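# Close look at the chain arrangement
Here's the letter readout for the chains.
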Amino acid sequence: MVSMSKPRARVRDRISALPDALLSHILSFLPTLCAVRTSILSARWRNMWTSLSHLDFDNERDSFGVTIGPYGKDRFTTFVDLVFLYRDSSDIKKLGLKIRYPVDFSRIDDWICTAVRRNVLEVDLHPFYVQNSEGFEIVFKFMDYKYPPPPPGCFPNLKFLHVEIDSPDPDSLKNLFTRCPMLEELSIHGFSDCARVYDICVCAPELKTLRIKVSDPYKNCYFVINAPKLEYIDIKSAALSNYYLKNSNGLFNASIVFEEHLEDEYQLCHLADLLSQRTNVNHLSLEIHDHCLQAWYHPFDFGNVNQMKLVLHDCYYWEVLAVLLTKSPKLVDLALEHRIKSHDEYSLPQWKQPESVPACLLRNLSTITIKGFRGHQVEMDVAQYMLKNGHVLNNMTIYTGHLCKKEKELYKKFLMFERRSMTCKVEFIKM
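I will try to describe carefully the structure that is included in this document. (Residues numbered from 1 in each chain as written. Predicted model: local features only at pLDDT ≥ 70, side-chain atom pairs only at ≥ 80, totals over all residues. Heavy atoms only, no water.)

### Quick notes on the overall build of the chain
- A tally of regular secondary structure across the chain gives 10 helices and 18 strands.
- Within the chain, buried positions represent 48% of all 431 residues.
- When contacts within the chain are restricted to residue pairs at least 6 apart in sequence, long-range pairs at least 24 apart make up 62% of them. (Helix = DSSP H or I, 4+ residues; strand = E, 2+ residues; numbered from the N terminus. Buried < 20%, exposed > 50% of the residue type's maximum accessible area, 1.4 Å probe, protein only. Contact = heavy atoms within 4.5 Å.)

### A word on helix α5 (residues 170-178)
- All of the buried residues in α5 are Pro170, Ser172, Leu173, Leu176 and Phe177. Down the axis of α5, the sector holding all buried residues measures 160 degrees, keeping them to one side. (Arc of directions from axis to C-beta.)

### A word on the packing of aromatic side chains
- What the rule picks out here adds up to eight aromatic pairs.
- Relative to Phe79, the ring of Phe57 has its centre 6.0 Å away and its plane inclined at 75 degrees; by these criteria the two rings are edge-to-face. Placement of Phe57 in strand β1 (residues 54-58) and of Phe79 in helix α3 (residues 73-86) is noted, with a sequence separation of 22 residues between them.
- Residue Phe57 is classed as buried on the basis of its relative accessible area of 0%.
- The exposure class of Phe79 is buried, given its relative accessible area of 5%.
- Judged by centre distance (6.2 Å) and plane angle (40 degrees), the ring pair of Phe57 and Phe84 falls under tilted. One end of the pair, Phe57, is in strand β1; the other, Phe84, is in helix α3, with 27 residues separating them in the sequence.
- In this structure Phe84 comes out as buried when scored by relative accessible area, which is 12%.
- Cluster of aromatic residues (ring-pair linked, three or more members): Phe373, Tyr411, Phe414, Phe417 and Phe428.
- Over the ring of Tyr399 we find Lys371, and its NZ or CZ is 5.6 Å from the ring centre. (Phe/Tyr/Trp six-rings, centres within 6.5 Å; stacked < 30°, edge-to-face > 60°. Lys NZ or Arg CZ within 6 Å of the ring centre and 35° of its normal.)

### Some points on the nonpolar core
- If you look at the biggest cluster of nonpolar residues, it comprises 74 residues, and the most contacted ones within it are Phe177, Leu186, Ile225 and Phe414.
- Among the elements that line this core, the one with the most residues is helix α9 (residues 377-389), at seven residues.
- The contacts of Ile225, once residues within four sequence positions are left out, are Val202, Leu210, Ile212, Leu230, Ile233, Tyr243, Tyr244, Leu245 and Lys246.
- Leu27, Phe57, Leu95 and Val123 belong to the second-largest nonpolar core, a separate cluster that totals 27 residues. (Core = buried A, V, L, I, M, F, W, Y, C linked by side-chain atoms within 4.5 Å.)

### Focus: the pattern of salt bridges
- This structure, assessed with the given rule, holds 10 salt bridges.
- Between Lys98 and Asp56 there is a salt bridge, with the nearest N and O atoms lying 3.8 Å from each other. Highlighted residues: Lys98 in strand β2 (residues 94-98) and Asp56 in strand β1, separated in sequence by 42 residues.
- Given the relative accessible area of 21%, Asp56 is considered partly exposed.
- Residue Asp81 pairs with Arg107 through a salt bridge whose shortest N-O separation is 2.6 Å. (Salt bridge = Lys/Arg side-chain N within 4 Å of Asp/Glu carboxyl O.)

Listed below in structure tokens is the structure:
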């Protein structure tokens, strides 16, 4: 008897059954070369890559994977040209070009221009420059060698620029910034591991936002910032004395992070001069490690600051707070955060209240937020002082950590504290 075997069930291709838009979105997460290779899978996939919204090219990686054109650098150029030639007319969200060895700049120019015509939102270019741009974001990466200057007028409408540096050539950066007359937002991140002294000049007439995070162990990198329309500055550095602002009277929001322990009084004196005399900062965020306490008694004030966030790491927290309250007469909103490694209450500096009640507590301070509250006696003393002397205080919000003392006991003590403002509410939030 001949046995009849059942036919095998056909395996269903669930991926190919997905909508075109979803498949195209998935392919956008791959390097473009890999996405193009999917065209050999079946007729269904043949033209799927042509609607990619993210294009990612790398002339070191892709040159060895391209089988068209002559071997070497021209293979990459040919491949990118063909991608743009056969791609459909849909918008491009992001274009990534990692140029690890020189490519004919005219070709890069053509690729960028094509992306602009497709309404590109972001261009990530490493490490060289390009010659055309409109209102989209570009990422540049400068290494420790000199780049030829881009031609004048090459970035007439560029508004967002991110620069990554590694001991860069100052002239290359200066040439780049001067080619961006409409630049509104600039971020500079990286390293300056160089023993030589050099200046980085940021001259941008339309700049509104500036972020700088540069590791500079030798403290030889100086930033000279000339931005008359600057509104917000965010600096993370161990050498605040290396920053100079010019024509920045419009600056009203500043965030400063000292990344190292400071022993130099001049650093903090310069910070005071930087923010209190030459600007109109009214939103100030400070994050400071152990420092030279005496510097805070330098004759300065934050006369325009009405919102302040203060984060301190293992330093004379409470005495700094007393000094800053005295020097901020218009302060309305205060946020405090103390980040300490030691949990020994007796190792903490004690609260030394100001000789006289600061003007902000008498007239303006209405909101206080305290994070990392552990219920130590010094913290209780500070909170009690604020409640007793805050004439217009409306809200005090305290975020307690897992190391906080018994909450019921804490609440009972706060209920006993004298409150100058009868409308003040105290709220505890457990983190």
